[in-house]
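Residue strings, one per chain:
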Amino acid sequence: MSAKSYTFSHAVCRTPSRSVIDGLRAVDVGAPSLELFQRHHDDYVAALRSTGAEVTVLDAVEAFPDSVFIEDAALCLQEGAVVMRPGAPTRLGEAAALAPSLGNFYEEIVTIDGPGFIEGGDILTTEREILVGTSARTDEAGIEELRRLVSRWGYEVRVVNTPPGVLHFKTDCSLLDEETILSTKRLSASGCFEGYKVVHTEEGEEACANLIRFNELVVMPDGFPKTTEKLTSLGYNVKLVGNSEAAKLDGGMSCLSLRFSPK
Ligand code: CIR
């Protein structure tokens, strides 16, 4: 297995803070249970570790309720890391708080300085390109700054659209392998995955579109039996992890980790 888009030697996660109960959410369906959130988080970390990857779990940061959703604060590539500039005002400081930890893995760390905004949840790295969705959190200026920064490492950035009302581009899609994307129908209808094979989430199971391919595993949220069955029958090695508490804060599988293989 050598696909760099899903072969990872490392991941970094962040312990949920007690303040996570104040995390951002589009619709208030009640506060997450801290205990259950932590248990799901432990299961998630164990799933990543079971593939042989070295998983670092950073301390909780109480000042940032959404900091468990660590993916939004950085983009980690083989050649270097890019510190993001989150578009949610309460999350802006999270990126700077994360940057020193990335120094343990990378010599080259660059930063989105603005004035634009960009969050990692809007970025899908495939084998051949980096897709970035404009959203309420990510704007054209942020994407242009990312394009300039990663061009030094030879990456192509393509701008796509996140459907209205959807938090992040990757809320609605995930990479399954070198050429295959899991997507909701509402997202793929935009034509943004032309040239890729697309597998659709099953009707009523759109909320499982955010999963991760991590080495041999497809780590996906529990509770979506039809899509789970579809992926299993396509030959993917599916590992289910509970996500009910993160989901109350619009979080899924990708947002809980940074995944990378530093050179
Ligand atoms: C937020 O609204 O920023 C958090 N409550 C959820 C972030 C989820 N991040 C992601 O999907 N990459």
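Conventions we followed
- Residues numbered from 1 in each chain as written.
- Predicted model: local features only at pLDDT ≥ 70, side-chain atom pairs only at ≥ 80, totals over all residues.
- Heavy atoms only, no water.
- Helix = DSSP H or I, 4+ residues; strand = E, 2+ residues; numbered from the N terminus.
- Buried < 20%, exposed > 50% of the residue type's maximum accessible area, 1.4 Å probe, protein only.
- Polar contact = N/O pair within 3.5 Å; in protein donor to acceptor, adjacent residues only side chain to side chain.
- Contact = heavy atoms within 4.5 Å.
- Near = heavy atom within 4 Å.
- Areas by Shrake-Rupley, 256 points an atom, 1.4 Å probe, with all protein chains shown as cover.
- Nonpolar A, V, L, I, M, F, W, Y, C, P; charged D, E, K, R; others polar.
- Pairing = 2+ DSSP bridges.
- Right-handed = clockwise from strand over helix to strand, strands pointing away.
- Arc of directions from axis to C-beta.
- Axes fitted to C-alpha atoms, helices over the stretch in contact; angles between N-to-C directions.
- Core = buried A, V, L, I, M, F, W, Y, C linked by side-chain atoms within 4.5 Å.

**Q** I'd like a rundown of the side chain of Glu129, residues and numbers included.
**A** In this fold, Glu129 is placed in the loop between strand 6 (123-125) and strand 7 (130-134). You can call Glu129 buried: its relative accessible area is 11%. In terms of polar contacts, Glu129 uses its side chain to reach the side chain of Tyr196, at 2.6 Å. The contact partners of Glu129, leaving out residues within four places of it in the chain, are Leu124, Glu156, Arg158 and Tyr196.

**Q** Go over the site of the ligand, please, and point to the residues and values.
**A** In the vicinity of the ligand, 14 residues are found, and the nearest of them are Leu24, Asp66, Asp72, Arg91 and Leu249. Protein chains shield 98% of the accessible area of the ligand, which is 350 Å² for the free molecule. Its residues assigned to classes, the shell around the ligand comprises five nonpolar, three polar and six charged.

**Q** Explain the environment of Glu203 to me, using residue names and the numbers behind them.
**A** You can see Glu203 is positioned in the loop between strand 11 (197-200) and strand 12 (212-214). Judged by relative accessible area, Glu203 falls into the exposed class, the value being 58%. Between the C-alpha atoms of Glu203 and Ser233, which are 30 residues apart in sequence, the distance is 17 Å. Those residues in contact with Glu203 that lie beyond four places of it in its chain are Lys185 and Lys226.

**Q** Tell me what's going on with the pairing of strand 2 (residues 54-58), and back it up with residues and numbers.
**A** If a strand is regular, its side chains alternate between the two faces of the sheet. Sheet topology note: the strand 1 (residues 10-14)/strand 2 ladder contains five bridges and is parallel. Pairing of Val12 across the sheet is with Thr56, part of strand 2. Remark: the strand 1/helix 1 (residues 34-49)/strand 2 crossover connection has right-handed handedness.

**Q** Residue-level account of helix 5 (residues 225-233), with values.
**A** Along helix 5, the positions that sit buried rather than exposed are Thr227, Thr228 and Leu231. Along helix 5, the residues classed as buried sweep out an arc of 105° about the axis, all on the same side. Exposed side chains of helix 5 directed beyond 90 degrees from the buried face belong to Pro225, Glu229 and Ser233. Lining the buried residues of helix 5 we find strand 9 (173-177), strand 10 (180-183), strand 11, strand 13 (217-221) and strand 14 (237-241). One or two steps after helix 5, the chain reaches Gly235, where phi turns positive at roughly 100°.

**Q** For the sheet that holds strand 15 (residues 258-260), give the residues involved together with the corresponding values.
**A** The strand order across the open sheet built from three strands is 2-1-15, with neighbouring strands paired in mixed fashion. This sheet does not close on itself; its edge strands, each paired only once, are strand 2 and strand 15. Taking each pair of neighbouring strands and ignoring which way they run, the sheet shows an average axis angle of 15°. Two strands pair when backbone bridges link them, and strand 1 and strand 15 are joined in this way by three bridges, in the antiparallel orientation. Residue Ala11 lies in a different strand from strand 15, and its bridge partner there is Arg259.

**Q** Provide a residue-level description of the nonpolar core, including the pertinent values.
**A** If you look at the biggest cluster of nonpolar residues, it comprises 36 residues, and the most contacted ones within it are Tyr44, Leu48, Phe69, Leu124, Phe169, Phe193 and Val219. When residues of this core are traced back to their parent elements, those giving at least two are strand 1, helix 1, strand 9, strand 12 and strand 13. Element by element, the count of residues in this core is highest for helix 1, at five residues. Other than its neighbours up to four places away in sequence, Phe193 contacts Leu124, Leu131, Phe169, Cys173, Ile181, Ser183, Leu187, Ser188 and Val198.

**Q** Can you break down helix 2 (residues 92-102) residue by residue, with the values?
**A** For an α-helix the count is 3.6 residues per turn, leaving residues at separations of three or four pointing the same way. Where helix 2 is concerned, the buried positions are Glu94, Ala95, Leu98, Ser101 and Leu102. All buried residues of helix 2 lie within an arc of 110° about the axis, which places them on one face of the element. Facing away from the buried side of helix 2 by more than 90 degrees, the exposed set consists of Ala96 and Pro100. As for helix 2, its buried residues are in contact with strand 1, strand 2, strand 3 (74-76), strand 4 (81-83), strand 5 (109-111) and strand 15.

**Q** So what's going on with the sheet that holds strand 4? Which residues, and what values?
**A** Strand order in this open sheet of three strands is 3-4-5, and the pairing throughout is mixed. The two strands at the open ends of the sheet, each matched to only one other strand, are strand 3 and strand 5. Pairs of neighbouring strands in the sheet enclose a mean axial angle of 15°, with direction left out of account.

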